[in-house]
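Observations on the model geometry
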Amino acid sequence: MKATGVVRRIDDLGRIVIPKEIRKTLRIKEGSPLEIFTEKEGDIILRKYSPIGEISSFSSEYVESLSKVTDLIAIVADKDVVIAVSGTQKKDLLEQKISTELEKIIDKRESVVLDESSSILITEKGNKEKECKSQVIVPIISDSEVTGSVILVAKESGVKLGKQEEQIAQVAANFLGNQMEI
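What counts, and where the lines are drawn
Residues numbered from 1 in each chain as written. Predicted model: local features only at pLDDT ≥ 70, side-chain atom pairs only at ≥ 80, totals over all residues. Heavy atoms only, no water. Helix = DSSP H or I, 4+ residues; strand = E, 2+ residues; numbered from the N terminus. Core = buried A, V, L, I, M, F, W, Y, C linked by side-chain atoms within 4.5 Å. Buried < 20%, exposed > 50% of the residue type's maximum accessible area, 1.4 Å probe, protein only. Contact = heavy atoms within 4.5 Å. Polar contact = N/O pair within 3.5 Å; in protein donor to acceptor, adjacent residues only side chain to side chain. Phe/Tyr/Trp six-rings, centres within 6.5 Å; stacked < 30°, edge-to-face > 60°. Pairing = 2+ DSSP bridges. Axes fitted to C-alpha atoms, helices over the stretch in contact; angles between N-to-C directions. Salt bridge = Lys/Arg side-chain N within 4 Å of Asp/Glu carboxyl O.

**Thoughts on unusual backbone geometry**
Located in the positive-phi region is glutamate 95, a residue other than glycine, with phi close to 65°. Structurally, glutamate 95 is set in the loop between α3 (90–93) and α4 (100–107). Phi is positive for arginine 109, close to 65°, though the residue is something other than glycine. Topologically, arginine 109 is positioned in the loop between α4 and β5 (112–114).

Have a look at this one:
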């Protein structure tokens, strides 16, 4: 645990204000769900809640199947980090913070197909040479809230993804969204 040096008092309603700098760094916005944990020593831990995180092992199996069927790299991300990746880029992407470009696309609630010239970095620490390939990005929507995305990425340069790959990613996103509602 990292000390911030920030001290806040609890108000008469039991509320505490999380400083703006911390909210910005952790991408906590108004309405963001937080999980509350307690430890034996009396520590209270706040963690951003990820509904997709609840089905991460299931998501891992799903992206492996997607990758085998499509011969593409398959990724599932929540609104903060990559939670499941298939194929060779697993260690480069798994549990990495998503890029602000990807976050903006997810927030628009629309599917996008990007070619090599318009592709984006998946993660903040992304390596453009590794990720600069055609991509399909489809938001995962659960209970009318955007909770993450399914991403298909071409393994080689020059591969053009289209409507078929978008529909496959849409099926995956719908399925995962439905699993979170159960």
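There's more to say after this.
**Some words on the nonpolar core**
Counting 20 residues, the largest nonpolar core has Val76, Ile140, Val150 and Leu152 as its most contacted members. Of all the secondary structure elements, the ones that give two or more residues to this core are α2 (56–70), β3 (73–78), β4 (82–85), β6 (135–142), β7 (145–153) and α6 (163–181). Counting residues per element, this core draws most heavily on α6, which supplies 5 residues. Those residues in contact with leucine 152 that sit more than four places away from it in its chain are Leu66, Leu72, Ile73, Ala74, Ser134, Gln135, Val136, Leu161, Glu165, Ile168 and Ala169. Of all hydrophobic cores here, the second largest spans 17 residues; its members include Ile73, Val82, Leu114 and Ile120.

**Digging into the side chain of glutamate 103**
Among the secondary structure elements, glutamate 103 is positioned in helix α4. Within the structure, the side chain of glutamate 103 is placed 3.1 Å from the side chain of lysine 29, a separation counted as a polar contact. Contacts of glutamate 103, omitting those with residues within four sequence positions, involve Arg27, Lys29, Lys79 and Ile98.

**A word on the packing of aromatic side chains**
In total, this model carries 3 aromatic pairs according to the counting rule given. Ring geometry for phenylalanine 58 versus phenylalanine 175: centroids 5.7 Å apart, planes at 35°, classification tilted. In this pair, phenylalanine 58 sits in helix α2 while phenylalanine 175 sits in helix α6, placing the two residues 117 residues apart along the sequence. Residue phenylalanine 58 is classed as partly exposed on the basis of its relative accessible area of 30%.

**Quick look at the sheet that holds β7**
On the basis of which strands lie adjacent, the open sheet formed by 5 strands has the order β4-β3-β7-β6-β5 and antiparallel pairing. Each having just a single partner strand, β4 and β5 make up the two edges of the open sheet. Each adjacent strand pair in this sheet contributes to an overall mean axis angle of 20°, direction not counted. Pairing analysis gives 3 bridges linking β5 to β6, with the strands arranged antiparallel.

**Comments concerning the environment of serine 67**
With respect to the helices and strands, serine 67 occurs in helix α2. Since its relative accessible area comes to 8%, serine 67 is described here as buried. Put simply, serine 67 and serine 86 are 19 residues apart on the chain and 6.3 Å apart in space, counted from C-alpha to C-alpha. Excluding anything up to four places from it in sequence, serine 67 contacts Leu72, Ala74, Ser86 and Lys155.

**Comments concerning the pattern of salt bridges**
Applying the stated rule across the entire model yields 6 salt bridges. Among the ionic pairs, aspartate 71 bridges to lysine 155, the shortest N-O distance being 3.3 Å. Of this pair, aspartate 71 sits in the loop between α2 and β3 while lysine 155 is found in the loop between β7 and α6, placing the two residues 84 residues apart along the sequence. On the basis of relative accessibility, which here comes to 34%, the residue lysine 155 falls in the partly exposed class. A salt bridge links lysine 163 to glutamate 166, with the shortest nitrogen-to-oxygen separation between them at 3.9 Å. Pair noted here: lysine 163 and glutamate 166 are both in helix α6, with a separation of 3 residues, about one helical turn. Given a relative accessible area of 56%, lysine 163 falls into the exposed group. One network of salt bridges, in which partners are shared, links Lys29, Lys79, Glu103 and Asp107.

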